[in-house]
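# Structure assessment
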Amino acid sequence: MSTTHVQTTTHGVRRWAGLAVSLGVLVAVWWLVAAADLVEPGYLTPTPKEVWDAFVRANTYHPIGGGVDRVVRGEEHYFLWEHLLVSLRRIGLGLLLGAAVGVPLGLVMGTVRWVGDLVGPYVDFLRSLPPLAYIGFLVAWFGIYDTSKVWLLVLAAFPPITLATINGVRGVREDQLNAARSLGASGLQLTTQVVLPAALPDILSGLRVAVGFAWTTVVAAELVNGLPGIGGLAYLSGTQNKIALSVACILVIGLTAIALDAVIRTIERLVVPWRGKA
Amino acid sequence: MSKGINVAGLAHQFRARGGAVPALDRIDLEIEPGELVTLAGPSGCGKTTLLRMIAGFVAPSQGSIVVGGTPVRGPGPDRGVVFQQPTLYPWLDVRRNVALGPRLRGIGKAERLGIADRYLALVGLADAADRRPYELSGGMQQRAQIARVLAGDPEVVLMDEPYGALDALTRERLQNELLTLWRETGKTILFITHSVDEAVFLGSRVLVMSPRPGRIVLDEQVPFSSDASLAPDEVRALPAFAETTARVRVAIAH
Ligand SMILES: Nc1ncnc2c1ncn2[C@@H]1O[C@H](COP(=O)(O)OP(=O)(O)OP(=O)(O)O)[C@@H](O)[C@H]1O
Ligand SMILES: [Mg+2]
């Protein structure tokens, strides 16, 4: 027990040390390339310092510059973290609704054979569509504001959650169901007390996949009227040749996605501690 | 209150690649309410299949099964099942696993956890109540499973080689406990075992099945387990015990 603990710790330390070194090298190379001005015009290759400055500017009140004596709030009237929060809210809402649709649907599809056979192809169809294919359609239906974006995220998020739930339901051991039936479980009790918890590990995996989908999709969705929104800001700043700001947005998106995944993995560890053990 | 089991003309074939595999062949069996019937037989002869049919998990190809006057159409809380492989729920701790039966019946939290603790103490698992099943050894899981079935208070208990994975000492303790429990509650018990000694020691009646397709080739009343005045060692020392054991052995070997 104690030896494995020690091993895990040294392994962890080594991993973080490795990551720190590789990150240092990466930033150094980036700096060299940017400073060497290999690419013309120079603003196309901002240095790490310039990106950092753009990041700080985007999170503070700052003079507009260019000789004009005016102070503005962040970028496009919002601080960068507010842009991020708006995107996260869209993702959260989309995932929540996606799970609210996907989990019950998956439970029914996995339990009642004919429903699965009937609805399955449509879920597969939806899943194989790139969400961007139907964003125009959604904008036409729900307008260019948040509603269409959230709908897009729901449609992107629920198929992987549904499929994972079905997978989980079909994977429940026959005797786990039999045991509960022999203890007097009704059909509904069987679903809530056995099928749902047994499928939970798969449902959470599906959620992780859905979060990935939602990130890709939200950034794309914000190409149209996406402000405030971190994806919208990344796109707009790029088109306005504010490359340093655009890079800052990209970094923020990537780091947040990684952090979100880590959060879900932690939740997994807490909620399904039996994963892989039973 | 306990229920009798009535099996008539039972036969079963499993559909498999390359045709039907006969597993059971014309089983007729009458188990009186309150009997403790042990069932022995070579591996693969269909013992589990018979038990699963009485439990209502599998419908027989031919024949009928009646428990307590009602034809078996599916599983029900009147027939508790101790599975050959423990099937506890990893998302519940051991205490809540055992409390599941009462919970499904709508019994309040304090009361059902009390019931669970009582049966956990009975199988010697009071210390493990707060752990998850996967943190238990195989034998402990099996004992927890037995506690869960007993907490469900079924009229009929179907046990599929429940003590196969236990060490000799625990096994003997649980055998004695099963006998005490059976004498106190008068439940009908069908107990499958590989061990001839266990079959003869526990059963008030011993059945032996032939190799596949399974038929009942020996059906014998055994007096020992009903007699609470004899200690386990005294029972095993009786000449009649050795004679019965020998007959059962012969029946299994044929
Ligand atoms: N689901 C199934 N499909 C096909 N054949 C099966 C199935 N279940 C059991 N069998 C076959 O039926 C026969 C009886 O199996 P069963 O599990 O009842 O034996 P058993 O007497 O309980 O054996 P053991 O003592 O090893 O547990 C075996 O030959 C087995 O291969
Ligand atoms: Mg068996």
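Before going into details, it helps to say that this report is about the structure given with it. What you are looking at is a predicted structure, and each value in this text was computed from that prediction instead of being measured. (Residues numbered from 1 in each chain as written. Chains lettered and ligands numbered in written order. Predicted model: local features only at pLDDT ≥ 70, side-chain atom pairs only at ≥ 80, totals over all residues. Heavy atoms only, no water.)

Once that is clear, we can look at the packing of aromatic side chains. Residues and elements named next belong to chain A. Counted under the stated rule, the structure contains 11 aromatic pairs over all chains. Taking 5.4 Å as the distance between ring centres and 90 degrees as the angle between the ring planes, the aromatic pair formed by Y61 and F79 counts as edge-to-face. With Y61 in strand β1 (residues 61-65) and F79 in the loop between β2 (68-73) and α3 (80-111), this residue pair connects regions lying 18 residues apart in the sequence. Accessibility expressed as a relative area gives 54% for Y61, which makes it exposed. Taking the centre distance of 5.1 Å and the plane angle of 10 degrees together, the rings of F142 and W151 count as stacked. Residue classification places F142 among the partly exposed positions, given a relative accessible area of 29%. (Phe/Tyr/Trp six-rings, centres within 6.5 Å; stacked < 30°, edge-to-face > 60°. Helix = DSSP H or I, 4+ residues; strand = E, 2+ residues; numbered from the N terminus. Buried < 20%, exposed > 50% of the residue type's maximum accessible area, 1.4 Å probe, protein only.)

So, on to empty space enclosed by the protein. Residues and elements named next belong to chain B. Applying the stated criterion across every chain yields a total of 3 cavities of 30 Å³ or more. Where the lining of the largest cavity is concerned, the elements lending two or more residues are α5 (138-151) and α6 (168-185). With 4 residues, the top contributor of residues to the lining of the largest cavity is α6. In terms of residue class, the lining of the largest cavity is made up of 8 nonpolar, no polar and 1 charged. (1 Å grid on protein atoms, 1.4 Å probe; cavity = no way out; pocket = protein on both sides within 12 Å on 5 of 7 lines; lining within 4 Å. Points joined across faces, edges and corners; volume = space filled by probe spheres on them. Nonpolar A, V, L, I, M, F, W, Y, C, P; charged D, E, K, R; others polar.)

This next bit is on the interface of chain A and chain B. Of the residues lining the interface, 20 residues belong to chain A; the matching set on chain B comes to 22 residues. Taken together, the two surfaces of chain A and chain B that pack against each other cover about 1900 Å², and 64% of this comes from carbon and sulfur. Together, S182, L183 and Q193 of chain A form the three largest contributors to the area buried by chain A at its contact with chain B, with a combined 33%. Taken together, the connections running from chain A to chain B amount to 1 salt bridge. In this structure, D175 of chain A engages R52 of chain B in a salt bridge whose closest nitrogen and oxygen atoms are separated by 3.1 Å. Across the chain A-chain B interface, the total number found is 6 residue pairs in polar contact (both at pLDDT 80 or more). The set of elements that each furnish at least two residues to the side of chain A that touches chain B consists of α7 (174-182) and α8 (187-221) of chain A. (Contact = heavy atoms within 4.5 Å. Buried area = accessible area lost by both parts, 1.4 Å probe. Salt bridge = Lys/Arg side-chain N within 4 Å of Asp/Glu carboxyl O. Polar contact = N/O pair within 3.5 Å; in protein donor to acceptor, adjacent residues only side chain to side chain.)

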